[in-house]
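Spelled out from the first residue to the last, the chains are:
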Amino acid sequence: MTFKIAVLPGDGIGPEIIDQAVNVIGAVAARFSIALELNSALVGGIAYDATGHPLPDETLELCRNSDAVLLGAVGGPKWDSVQPASLRPEVGALLPLRRELGLFANLRPATLFRALSAVSSLRSDIVGDGLDLLVVRELTGGIYFGQPKGRSADGLTATDTCVYSKSEIERIAVVGFEAALKRGKKLCSVDKANVLETSRFWREVVIEVSSRYPQVELSHMLVDNCAMQLVRNPKQFDVIVTENMFGDILSDEASMLTGSLGMLPSASLGSTPTAGGAGTFGLYEPIHGSAPDIAGKNIANPLATILSCALLFRHSLGAEDAAVVIESAVTSVLNAGYRTADIAGNADVPLGTVEMGNKVLEALLA
Ligand code: IPM
Ligand code: MG
């Protein structure tokens, strides 16, 4: 059985970090004798320049015919004023990719590696000797996709619509409860039920689903309070489940607790099993963007993308042992004191993107 992985480097630092991730995938696959076929395709601004569309049909087709997708990042100032706006990389590639591939469940683990506690933006007495929480973000519904959306004919009003169906809430709640079951058995559902109808519905449905998970302790929190609690006492959280836009915002906030946006991987999963039945089809990407200001300078942190590969092995290839080996390699590189600029603090001489990738490879082969 050969697994197919679609590799979409995208824009900005995307190609640099994906190079390092691809090296890691190759080394791990060889070590565990996992047969892989990697196929690259264009996505984002680079695809727009080459084909006139940020998500060419061939790219979407390749993803559909793969077991997993590894994505770098899309977008940059060059394409910020592309008209119509629906052809900008973020809206024209990333969102349709998620939607077309049915990737409704976005897992964003925020793990503070012990070695990085000094670079967390929180005081060490708050983060202690580590932090481990998981944001489960609904990814294909809510205000990102609801209709109607747009400008009025006179140009004086703009509209976005937040819509959630019962089945959309139910399936992401199940992902949240299942994740909590495998971890600390605590699920916090985040909403804005004091104001929004979709949030009141969200809470109702989550409570309904909770009857299937008596082992999981469910709580509810308003999103503004959650934003505050994340910096006041992040250790109270195990798994957070929330709707699309709240999850977007809270996961960026959670990432800074871990020291850098450059450390956080993500997995976006649907419900389609992979071709060989080893796992679930998914798309894996760092949560950071294309960082055009540092692109091409060999200073970007490749660890979020490398950690995304661990999630790829875990969730889509059913290879937990391979995932653990990648995560352990990253841990040991950090324990040995190696840092890229974003996690260097003041003291160290930072490694470049390639050099950090090589350190992880060395640790993998050790
Ligand atoms: C993310 C990003 C995207 C989002 C943007 C680039 C459309 O911020 O993956 O968190 O809002 O989902
Ligand atoms: Mg975001």
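Owing to the predicted nature of the structure, the values given are computational and were not obtained by experimental measurement.

Q: Help me understand the domain arrangement of the protein in this model?
A: Many descriptions give the size of an interface as the accessible area lost when the pieces come together. The domains assigned to the protein are domain 1 (1-113 + 260-366) and domain 2 (121-257). Each of domain 1 and domain 2 has a C-alpha centre, and the two are 23 Å apart. Contacts between the two partners involve 18 residues from domain 1, matched on the other side by 24 residues from domain 2. Roughly 2,000 Å² is buried in total at the junction of domain 1 and domain 2, and carbon and sulfur atoms are behind 63% of that figure. If you sort the residues of domain 1 by the area they bury against domain 2, Phe104, Arg108 and Leu112 come out on top, with a joint share of 35%. Run the count over domain 1 and domain 2 and you get 0 salt bridges. Counting every contact that joins domain 1 to domain 2 gives 7 residue pairs in polar contact (both at pLDDT 80 or more).

Q: Help me understand the nonpolar core, please; the structure alone is not making it clear to me.
A: Where a protein is soluble and globular, its nonpolar side chains tend to be buried together. The biggest cluster of nonpolar side chains holds 86 residues, and the ones touching the most others in it are Leu70, Leu303, Phe313, Ile326 and Leu364. Structurally, this core is a two-domain feature, drawing no fewer than three residues from each of domain 1 (1-113 + 260-366) and domain 2 (121-257). Filtering out sequence-adjacent residues up to four positions away, Ile326 remains in contact with Val24, Val28, Ile306, Cys309, Ala310, Phe313 and Leu364.

Q: Teacher, can you tell me more about the environment of Leu134 here?
A: Structurally, the position occupied by Leu134 is in strand E5 (residues 131-138). For Leu134, a relative accessible area of 8% puts it in the buried group. On a C-alpha basis, the gap between Leu134 and Leu95 in space is 22 Å, while along the polypeptide they are 39 residues apart. Ignoring any residue separated from it by four or fewer positions in sequence, one finds Leu134 in contact with Leu107, Arg108, Pro109, Ala179, Arg183, Asp238, Val239 and Ile240.

Q: Honestly, the side chain of Thr242 in this entry has me stumped. Any pointers?
A: Within the secondary structure, Thr242 sits in strand E10 (residues 239-242). Within the local environment of Thr242, its side chain forms a polar contact with the backbone oxygen of Val190, the two atoms lying 2.9 Å apart. Aside from chain neighbours lying at most four places away, what touches Thr242 is Val136, Arg137, Glu138, Val190, Trp202 and Gly247.

Q: Even after reading the chapter, I still don't get the packing of helix H6 (residues 166-182) against helix H7 (residues 197-210), so can you show me in this structure?
A: Between two packed helices, both the angle of their axes relative to each other and the distance between the axes serve to describe the pair. Running from N to C, H6 and H7 point in directions that differ by 50 degrees, and their axes come no closer than 9 Å. Classed by the angle they form, the pair H6 and H7 counts as oblique. As for the relative orientation of H6 and H7, their crossing is right-handed in sense. Across the interface between the two elements, Lys166, Ile169, Glu170, Ile172, Ala173, Val174 and Phe177 of H6 pack against Phe201, Trp202, Val205, Val206, Glu208, Val209 and Ser210 of H7. Here the contact of H6 with H7 is built from residues that sort into 10 nonpolar, 1 polar and 3 charged.

Cut-offs applied
Residues numbered from 1 in each chain as written. Chains lettered and ligands numbered in written order. Predicted model: local features only at pLDDT ≥ 70, side-chain atom pairs only at ≥ 80, totals over all residues. Heavy atoms only, no water. Domains from an automatic or database assignment. Contact = heavy atoms within 4.5 Å. Buried area = accessible area lost by both parts, 1.4 Å probe. Salt bridge = Lys/Arg side-chain N within 4 Å of Asp/Glu carboxyl O. Polar contact = N/O pair within 3.5 Å; in protein donor to acceptor, adjacent residues only side chain to side chain. Core = buried A, V, L, I, M, F, W, Y, C linked by side-chain atoms within 4.5 Å. Buried < 20%, exposed > 50% of the residue type's maximum accessible area, 1.4 Å probe, protein only. Helix = DSSP H or I, 4+ residues; strand = E, 2+ residues; numbered from the N terminus. Axes fitted to C-alpha atoms, helices over the stretch in contact; angles between N-to-C directions. Parallel < 35°, antiparallel > 145°, perpendicular 65-115°, else oblique. Left-handed = near helix turned anticlockwise from the far one by under 90°. Nonpolar A, V, L, I, M, F, W, Y, C, P; charged D, E, K, R; others polar.

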